[in-house]
Amino acid sequence: MDQGWLVEFFHQHSNLMVFVNVLLQQLGLPVPAVPTMMLNASQATGMGQLAVLLLAAVAASLIADLVWYQAGKSFGYKVLKFLCKMSINPGSCVNQTEARFMRWGVWSLVVGKFIPGFSTVAPPVAGALGMPRASFMLASAIGAALWAGVALLAGFALQAQIGIALAFLSMHGIRIIAVFVGLLLCWLAWKFWQKKRFEKLASIPHFSPAELADTIKRNSMPRIIDLRSPALIAETGVIPHATVSEMKQVGLAANGWPQHEMVVTICACPGDAAAVHAAHTLRQLGFQDVRPFAGGFDAWRELAIQHPDLLIKA
């Protein structure tokens, strides 16, 4: 089969392909943008065409980033929780994303373009934390230009090699598709195994809102470990008498506590994932009665409507 149709297709629709592909990827869809940029750059005949491709990629990235930035600004951490539901490790997604942003500051939007997944979740964090729009757009533009520029220059420099790859694809397209489908099925199987593994971990007893209401009446609150990030606590409120901790430091947070007393872990993450993992860690350390709070911080906040003392505005 002649590979000319592939070359012609990339040549005629290069700018649109790059724009749409980058836009969809930066919005969060699992479509690879770097191969598309490299393939189209390999068909460019000069730096002028590369510049147009770069503008298309940067424009698409900025549009997607602005959408997520505004969503984070308008809806706060609800947007980040939604994105983290699609993460392989939802328990650490929320806190790790914010920790990176707090540690790197504006540079997280530049470097984040090179970190899979982070480039999508960083913009809503910037919006939720109130980063100025002008600073956000400038940092995002620089990051997008560097990220796309590297891919485009690599594609332009590897024109001969990519041409050989296109010829190989034309000759063995069916076999390559079969291999791709096989790899996709393996990835889906791994994701399914991850889901089942977490469901097994999450089958431990939880501390329900009804039980919490009962302990309030009896004035016998358990020890509480709050796994929310500092910025999220500042936005949503403080749980009185709770010990704030990162998931990795949960053992230090409970150091010195009597191991026969009940400990409740709470987080603001999909599936109470961080609270579940923290509970298992404490059980391994010898604590006898550790339970994740069912429904996480959202359920806690709903109960706080009836019992205002459960949540103090930061």
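Residues numbered from 1 in each chain as written. Predicted model: local features only at pLDDT ≥ 70, side-chain atom pairs only at ≥ 80, totals over all residues. Heavy atoms only, no water.

Undergrad: What should I look at first to understand the pairing of strand 4 (residues 289-292) in this one?
TA: Bridging between strand 3 (residues 262-266) and strand 4 involves 4 bridges; their strand directions are parallel. Counted as the bridge partner of valine 263 is valine 290 from strand 4. Chirality of the crossover, the property in question, places the unit of strand 3, helix 14 (residues 273-284) and strand 4 among those that are right-handed. (Pairing = 2+ DSSP bridges. Helix = DSSP H or I, 4+ residues; strand = E, 2+ residues; numbered from the N terminus. Right-handed = clockwise from strand over helix to strand, strands pointing away.)

Undergrad: In this structure, what is going on with the packing of helix 3 (residues 47-75) against helix 7 (residues 118-128)? I would like to understand it.
TA: The description of two helices packed together rests on the angle between their axes and the distance between the axes. Remark: helix 3 packs on helix 7, axes separated minimally by 6 Å, with the N-to-C direction vectors making an angle of 40°. Considering the angle they form, helix 3 stands oblique to helix 7. In the crossing of helix 3 with helix 7, the sense of the turn from one axis to the other is right-handed. For the pair helix 3 and helix 7, the contacting residues are Asp65, Trp68, Tyr69, Gly72 and Lys73 in the first and Ser119, Thr120, Pro123, Pro124, Ala126, Gly127 and Ala128 in the second. Taken together, the residues of the contact of helix 3 with helix 7 sort by class into 6 nonpolar, 4 polar and 2 charged. (Axes fitted to C-alpha atoms, helices over the stretch in contact; angles between N-to-C directions. Parallel < 35°, antiparallel > 145°, perpendicular 65-115°, else oblique. Left-handed = near helix turned anticlockwise from the far one by under 90°. Contact = heavy atoms within 4.5 Å. Nonpolar A, V, L, I, M, F, W, Y, C, P; charged D, E, K, R; others polar.)

Undergrad: Please clarify how the packing of helix 11 (residues 209-218) against helix 15 (residues 296-306) should be interpreted in this entry.
TA: Two elements in contact, helix 11 and helix 15, have axes whose closest approach is 10 Å; the angle formed by their N-to-C orientations is 45°. The angle between the axes of helix 11 and helix 15 places the two elements in the oblique class. When the axes of helix 11 and helix 15 are compared, the crossing they make is right-handed. Contact residues: Pro209, Leu212 and Ala213 in helix 11; Ala299, Trp300 and Leu303 in helix 15. Taken together, the residues of the contact of helix 11 with helix 15 break down into 6 nonpolar, no polar and no charged.

Undergrad: Whenever I open this one, the sheet that holds strand 2 (residues 243-244) confuses me. Can you help?
TA: Two modes of strand pairing occur in sheets, parallel and antiparallel, and in both the strands are linked by backbone hydrogen bonds. Strand order across the open sheet formed by 4 strands is 2-1-3-4, with parallel pairing between neighbours. A strand with exactly one partner marks an edge of an open sheet, and here the two such strands are strand 2 and strand 4. Two elements, strand 1 (residues 223-226) and strand 2, share 2 bridges in a ladder whose sense is parallel. Bridging from a neighbouring strand, aspartate 226 pairs with valine 244 of strand 2.

Undergrad: I tried to follow the nonpolar core on my own but got confused; where do I start?
TA: Membership of the largest hydrophobic core comes to 18 residues, with the highest contact counts inside it found for Leu212, Ile239, Phe293 and Trp300. Elements supplying a minimum of two residues to this core: helix 11, strand 3 and helix 15. For this core, the element with the most residues is helix 15, which contributes 5 residues. Beyond its immediate chain neighbours, meaning those up to four positions away, leucine 212 contacts Phe207, Met221, Phe293, Trp300, Leu303 and Leu310. (Core = buried A, V, L, I, M, F, W, Y, C linked by side-chain atoms within 4.5 Å. Buried < 20%, exposed > 50% of the residue type's maximum accessible area, 1.4 Å probe, protein only.)

Undergrad: Explain a nonpolar patch on the surface to me, please; I cannot follow it from the model alone.
TA: A contiguous nonpolar surface patch, about 1,100 Å² in accessible area, is contributed by Ile174, Ile177, Phe180, Val181, Leu184, Leu185, Trp187, Leu188, Trp190 and Trp193. In this fold, tryptophan 193 is placed in helix 10 (residues 173-201). The exposure class assigned to tryptophan 193 is partly exposed, which follows from its relative accessible area of 47%. (Patch = residues over 30% accessible without salt bridge, like charges linked within 9 Å, V, L, I, M, F, W, Y side chains within 5 Å. Areas by Shrake-Rupley, 256 points an atom, 1.4 Å probe, with all protein chains shown as cover. Salt bridge = Lys/Arg side-chain N within 4 Å of Asp/Glu carboxyl O.)

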